[in-house]
Amino acid sequence: MDLHGTSALVTGGASGLGLASAKRLADGGAHVVVVDLPTSDGAARAAEIGGTFAAADVTDPRAVAAAADAAERAAPLRALVHCAGRADPLRLVGRDGDPGSLDLFEEVVRVNLVGTFNVLRIAAARMARNEEVDGERGVCVLTASVAAWEGQIGQIAYSSTKSGVVGMTLVAARDLASKLIRVATIAPGTFDTPLLAKMSEPVRESLAQSVPHPSRLGRPEEFASLAAHIIDNAMINGETIRLDGAIRMPPR
């Protein structure tokens, strides 16, 4: 899909994988609407790429609809890259012997899984109204994680939600095929994002060395490159693609 003359939504677009994706889509000719929390640097990041900032919690239907409105005011909405999410640690039984927090589990599920469904349904409904161009009306790229298959200790909430995104992908692609909208998911491994930036250098180096090849942390630009390729390649549909340097995560 040619992005020139189109608009794109990028959630979590103020930093990390989302910011890299927003830059890549803007370079490809799209007007990018950066969707992130009101407390983020989204306004400044959107201004840097000539885009628009839409403050939104991805679980808020009205806020996400307003972001889609902003995109459509610029040009037909034909691309979505959904990167927003959270990765709070949680164990089934805490170190104090108490059961893990049900509230925290529900919060992570709401942001990562319910939020993905909310953004996907709203973006797809807008795309379905587009004129067909080269056999397509839109493309949606979701974000899972290798934790969908190899969740580590403390990742029970995160892993559960990312497995849900993987399970959603083929069903969504089949559901939207009649609308000429594709859906695919990227499952990144260990990437150099703001979350990992908070870790000590020895921990970062250990994570990098655990990747078979290339033995380093993934770069957000590599995620963005794959997202752009999915949008461009009309035969990628209903698939979850691991982007991980052949890593398989250990229990901890």
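Right, let's walk through the structure included here. In this text, all values refer to a predicted model and were calculated from it rather than measured experimentally.

About the criteria used
- Residues numbered from 1 in each chain as written.
- Predicted model: local features only at pLDDT ≥ 70, side-chain atom pairs only at ≥ 80, totals over all residues.
- Heavy atoms only, no water.
- Axes fitted to C-alpha atoms, helices over the stretch in contact; angles between N-to-C directions.
- Helix = DSSP H or I, 4+ residues; strand = E, 2+ residues; numbered from the N terminus.
- Parallel < 35°, antiparallel > 145°, perpendicular 65-115°, else oblique.
- Left-handed = near helix turned anticlockwise from the far one by under 90°.
- Contact = heavy atoms within 4.5 Å.
- Nonpolar A, V, L, I, M, F, W, Y, C, P; charged D, E, K, R; others polar.
- 1 Å grid on protein atoms, 1.4 Å probe; cavity = no way out; pocket = protein on both sides within 12 Å on 5 of 7 lines; lining within 4 Å.
- Points joined across faces, edges and corners; volume = space filled by probe spheres on them.
- Disulfide = S-S within 2.5 Å.
- Buried < 20%, exposed > 50% of the residue type's maximum accessible area, 1.4 Å probe, protein only.
- Core = buried A, V, L, I, M, F, W, Y, C linked by side-chain atoms within 4.5 Å.
- Polar contact = N/O pair within 3.5 Å; in protein donor to acceptor, adjacent residues only side chain to side chain.

Two numbers describe how helix 1 (residues 16-27) lies on helix 9 (residues 220-232): the axes approach to 8 Å, and their chain directions differ by 50 degrees. Classed by the angle they form, the pair helix 1 and helix 9 counts as oblique. Relative to helix 9, the crossing made by helix 1 is right-handed. Seen from helix 1, the contacting residues are G16, L17, A20, S21, R24 and L25; seen from helix 9, they are P220, E221, F223, A224, S225, A227, A228 and I231. Partitioned by chemical class, the residues of the contact of helix 1 with helix 9 number 9 nonpolar, 3 polar and 2 charged.

By secondary structure assignment, the location of G28 is in the loop between helix 1 and strand 2 (31-36). Sequence separation of G28 and D88 is 60 residues, and the distance between their C-alpha atoms is 33 Å. Those residues in contact with G28 that sit more than four places away from it in its chain are L3 and H4.

For the rest of this paragraph, the subject is the layout of surface pockets. The method is simple in principle: a probe with the dimensions of a water molecule rolls over the atoms, and the space it marks as empty is what remains. Taken as a whole, the largest pocket encloses approximately 1600 Å³ of empty space. The wall of the largest pocket is formed by 48 residues, among which R86, A87, Y158, T193 and L195 lie closest to the centre. Listed by contribution, the elements that provide at least two residues to the lining of the largest pocket are helix 1, strand 2, helix 6 (156-176), helix 7 (194-197) and helix 8 (201-209). When grouped by side-chain class, the residues that make up the lining of the largest pocket number 25 nonpolar, 16 polar and 7 charged. In this structure, the second largest pocket occupies an estimated 160 Å³ of space. In terms of lining residues, the second largest pocket is bounded by F117, L120, R121, A124, M168, V171, A172, D175 and L176. When residues in the lining of the second largest pocket are grouped by element, the largest group, 5 residues, is from helix 6. Taken together, the residues of the lining of the second largest pocket sort by class into 7 nonpolar, no polar and 2 charged.

Another aspect to go through is the state of the cysteines. Going through the model one piece at a time under the given rule, you end up with 0 disulfides. C83 takes part in no disulfide bond, and the closest cysteine sulfur to it belongs to C140, at a distance of 13 Å. Classification of C83 by relative accessible area gives buried; the value is 16%. A relative accessible area of 0% means that C140 is categorised as buried.

This part takes up the nonpolar core. As a rule of thumb, nonpolar side chains are buried together in soluble globular proteins. Core analysis: the largest hydrophobic core is formed by 32 residues, its most contacted members being L9 and V183. Breaking this core down by element, the ones donating at least two residues are strand 2, helix 3 (61-74), strand 4 (77-82), helix 4 (102-127), strand 5 (138-143), helix 6 and strand 6 (181-188). Broken down by element, the residue count for this core peaks at 7 residues, all from helix 4.

Attention shifts here to the environment of D192. Here D192 is to be found in the loop between strand 6 and helix 7. Placed 69 residues apart in sequence, D192 and A123 show a C-alpha to C-alpha distance of 28 Å. Excluding anything up to four places from it in sequence, D192 contacts R204, L217, G218 and P220. Here the side chain of D192 touches R204 through a polar contact of 2.9 Å, side chain to side chain.

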